[in-house]
Amino acid sequence: MASFCSYLLCFIQISSLFVYSTLAADPVANFELEYSYTTISPLGVDQQVIAVNGKFPGPIMNVTTNYNVVVNVKNKLDEGLLITWSGIQMRRVSWQDGVAGTNCPIPPKWNWTYQFQVKDQIGSFFYFPSLNFQRAAGGFGSFVVTNRAVINLPFATPQGDIVIMIGDWYTRNHSALRSALDAGKELGMPDGVLMNGKGPYQYNNSLVPDGIDYETINVDPGQTYRIRVHNVGVSTCLNFRIQNHNLLLAETEGYYTVQQNYTSVDIHVGQSYSFLVTMDQNASSDYYIVASARFVNQSVWQRVTGVAVLHYSNSKGKASGPLPDPPNDFYDKSYSMNQAMTIRQNVSASGARPNPQGSFRYGSINVTDTYIIQSLPPTTIDGKRRATLNGISFVNPDTPVRLADMYNVKGAYKLDFPSKPLTGKAIRDRSMINATYKGFIEIILQNNDTIPQSFHLDGYSFFVVGMSFGVWTENNRGSYNKWDAISRTTTQVFPGAWTAVLVSLDNPGAWNLRSDNLDRWYLGQETYMRIVNPEEDNTTEFAAPENRLYCGALAYLQKKQKNSAARFVVGPTNFFQTLLIVLSSAILMLR
């Protein structure tokens, strides 16, 4: 027995060396996120918000390229919950995407563990709850993927990393907002703009009441900081600016940009940017950080302005006086569109790998499919106010897509989403795009609505190759940027205009394509791209997780929860970890 134990111990030691060497290549980052309600008053009115680990906004999740991420989500809300990871590409695991078409909701009082790898990714992203209009009540937080130490940044290492989450805000809770939409009403003008969950600094006594808690960003003079800004709001594009400071744009949603200075940048709903800001001003006083509503009547929307304070460590006084002016182009959207088209990809910078990000010669790839996707103002369908894409208001399947595929559930969804807008009466349907694996798809987002919109695609980044006013025609392809168009996950589409994106469909699964304006999304402006390898060999898409939840036609399979965590399968690492645990237990028993 002693000899056996010696051999066993030797094997364990050798296995341990293998495990730790493998873990060094692909470490595991574990997080616990508890979702619950709390009461705060960011705009001076007590209201219920959704906190994460007791915080509003939630904690920053910071990992490094190629990390395996394990997130145990505890749902202490009174309704189902799903968390989605805006911009994280979820390679081969749409099961972890956290939207209604890919996951059953986490029931109240349950927990569920998300598991995915941030493979070959860097950049600024955020997480948020995707169901039931919950994002309007909070539950969001920043998700930062930093470079590996061996990969140089395309700029000098900043003094610090600062996150600012901006967004329009209502003092009504999310259930009241969705009830208004269900009743066919508009949400109306927001009550304000929050910055990191706090109301505006009192820059104006008549617009901002006393006692509002505001955000202060502390900096040292002469230093440069990386400031990551996320628009996590409901539906309002916000102009972001810092008084007397330039914003050197460096990255957006996972890709480094050509570095350009801006005095202000329009950030649409769902978008994320990284700016390098040098503290090169004198410290006679603090400075305003402003996020104000765009494409609205400024005199009417004055109170829909977020104001924080930039405080130099040697500042001699408080910020005072008028706010820095936003662009003055309410009747002319061309300024904002032109600004958007100046955002180009830095093709010579290293991204997640040591080689340059490159353009992958996307401009010379043959397009396999074209979809013209038209959004219109909300309409009435079967007596209810709905929003549509190509004349279809989407109905989420009762049984999520890949779960329905796995169990051969008939009629869960349809693969007949039209490639052009339907004529005739709008309908509600479960119509999805039957996309071609390894195809190269052109999507034209035609906004015939009256408001600016953001569109987002889960599981992918896309090249934003063009945008213009009017109705898109094939002749517009001649104006596409075919060399250094920015690659990102969320793009704006101006009212009465179009935006064209190109996507390489190399990530199998079911992926949500949606309006990121919460009201339009809630009313039906979404669909899915179902992408399946026709020669599936179990290497292009990971199998369903062991901890999968069941709902819809498969609800009868759901057992009472004991422990929702599943074994995290990411290759040989966890095999040997499991083996090590088993062998360690065995030797203890032999003792």
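Residues numbered from 1 in each chain as written. Predicted model: local features only at pLDDT ≥ 70, side-chain atom pairs only at ≥ 80, totals over all residues. Heavy atoms only, no water.

Colleague: Can you lay out the overall build of the protein chain for me, pointing to particular residues and giving the numbers?
Modeller: Helix and strand counts for the protein chain stand at six helices and 33 strands. The C-alpha radius of gyration of the protein chain comes to 25 Å, within 12% of the 25 Å expected for a compact globule of 591 residues. Viewed in the frame of its principal axes, the protein chain has a C-alpha envelope of about 85 × 65 × 50 Å. Within the protein chain, the proportion of its 591 residues that are buried is 59%. Taking as baseline every contact in the protein chain between residues at least 6 positions apart, the subset at least 24 positions apart corresponds to 79%. Roughly 24000 Å² of accessible area belongs to the protein chain as shown, and the carbon and sulfur atoms make up 51% of that amount. (Helix = DSSP H or I, 4+ residues; strand = E, 2+ residues; numbered from the N terminus. Rg over C-alpha atoms; globule rule 2.2 N^0.38 Å. Buried < 20%, exposed > 50% of the residue type's maximum accessible area, 1.4 Å probe, protein only. Contact = heavy atoms within 4.5 Å. Areas by Shrake-Rupley, 256 points an atom, 1.4 Å probe, with all protein chains shown as cover.)

Colleague: Tell me what's going on with the side chain of Thr252, and back it up with residues and numbers.
Modeller: By secondary structure assignment, the location of Thr252 is in strand S14 (residues 247–252). For Thr252, a relative accessible area of 0% gives the class buried. Of the polar contacts made by the side chain of Thr252, one reaches the backbone oxygen of Ser272; its length is 2.7 Å. Non-local contacts of Thr252, meaning those with residues more than four positions away in its chain, are made with Thr257, Ser272, Tyr273, Ile343, Ile486, Ser487 and Arg488. (Polar contact = N/O pair within 3.5 Å; in protein donor to acceptor, adjacent residues only side chain to side chain.)

Colleague: Which residues make up the packing of aromatic side chains, and what values do they have?
Modeller: Under the definition given, this model contains 23 aromatic pairs. Taking 5.4 Å as the distance between ring centres and 80° as the angle between the ring planes, the aromatic pair formed by Trp85 and Tyr114 counts as edge-to-face. Remark: Tyr114 occurs in strand S6 (residues 111–117) and Trp85 occurs in strand S5 (residues 83–86); sequence separation between them is 29 residues. Residue Trp85 shares its accessibility class with Tyr114, and that shared class is buried. The interplanar angle of 85° and the centroid separation of 6.3 Å between the aromatic rings of Phe128 and Trp521 together place this pair among those described as edge-to-face. On the criterion of sequence distance, the pair formed by Phe128 in strand S7 (residues 123–129) and Trp521 in helix H5 (residues 518–522) is long-range, its members being 393 residues apart. Across this residue pair, the class does not change: Phe128 and Trp521 are buried. Here the aromatic cluster, defined as three or more aromatic residues joined through ring pairs, consists of Trp85, Trp112, Tyr114, Phe116, Tyr127 and Phe143. (Phe/Tyr/Trp six-rings, centres within 6.5 Å; stacked < 30°, edge-to-face > 60°.)

Colleague: Just give me the short version of the pattern of salt bridges, but keep the residues and values in it.
Modeller: Enumeration over the complete set of coordinates arrives at 23 salt bridges. Here Glu186 ties to Arg385 by a salt bridge, and the two come within 2.6 Å at their closest N and O atoms. Residue Glu186 is found in the loop between helix H2 (174–182) and strand S10 (192–195), and its partner Arg385 is found in strand S22 (residues 384–386); the two are separated by 199 residues along the sequence. Here Arg514 and Asp516 are joined by a salt bridge, their closest N and O atoms 3.1 Å apart. No difference in accessibility class separates Arg514 from Asp516, as the two residues are buried. Each of Arg402, Asp405, Arg530 and Glu541 takes part in one network of salt bridges that share partners. (Salt bridge = Lys/Arg side-chain N within 4 Å of Asp/Glu carboxyl O.)

Colleague: Explain the sheet that holds S5 to me, using residue names and the numbers behind them.
Modeller: The strand order across the open sheet formed by four strands is S3-S8-S7-S5, and the pairing between neighbours is mixed. Each edge of the sheet is formed by a strand with only one pairing partner; in this case those strands are strand S3 (61–64) and S5. Looking at each pair of strands side by side, their axes are set apart by 25° on average, direction ignored. Inspection of the sheet shows S7 paired to strand S8 (residues 141–146) by five bridges, in the antiparallel sense. Of the residues in S8, the one forming a bridge with Phe125 is Phe143. (Pairing = 2+ DSSP bridges. Axes fitted to C-alpha atoms, helices over the stretch in contact; angles between N-to-C directions.)

Colleague: Can you lay out the state of the cysteines for me, pointing to particular residues and giving the numbers?
Modeller: Evaluated as defined, the whole model comprises one disulfide. Paired through a disulfide, Cys104 and Cys551 show a sulfur-sulfur distance of 2.1 Å. Given an S-S torsion of about -80°, the disulfide between Cys104 and Cys551 has left-handed geometry. Placement of the pair is Cys104 in the loop between S5 and S6 and Cys551 in the loop between strand S33 (526–532) and helix H6 (572–590), with a sequence separation of 447 residues. A single burial state applies to Cys104 and to Cys551, both of which are buried. (Disulfide = S-S within 2.5 Å.)

Colleague: Before we move on, could you go through the environment of Trp95 and cite the residues and values that matter?
Modeller: Turning to its location among the elements, Trp95 is positioned in the loop between S5 and S6. Separated by 306 residues in the primary sequence, Trp95 and Val401 have C-alpha atoms spaced 9.5 Å apart. Other than its neighbours up to four places away in sequence, Trp95 contacts Thr102, Asn103, Trp112, Arg402, Leu403, Met406, Glu541, Phe542, Ala543, Ala544 and Pro545.

Colleague: Describe the sheet that holds strand S25 (residues 433–436), listing the residues and the values that go with them.
Modeller: Taken together, five strands build an open sheet; the order of strands is S25-S33-S32-S27-S30 and the sheet is mixed. Each end of this open sheet is capped by a strand with a single partner; those strands are S25 and strand S30 (490–493). Adjacent strand axes in the sheet meet at a mean angle of 25°, parallel and antiparallel pairs treated alike. Of the pairings in the sheet, the one linking strand S27 (residues 453–457) to S30 comprises four bridges and is antiparallel in character. Residue His456 lies in a different strand from S30, and its bridge partner there is Thr490.

Worth remembering: the numbers are spatial, not functional.
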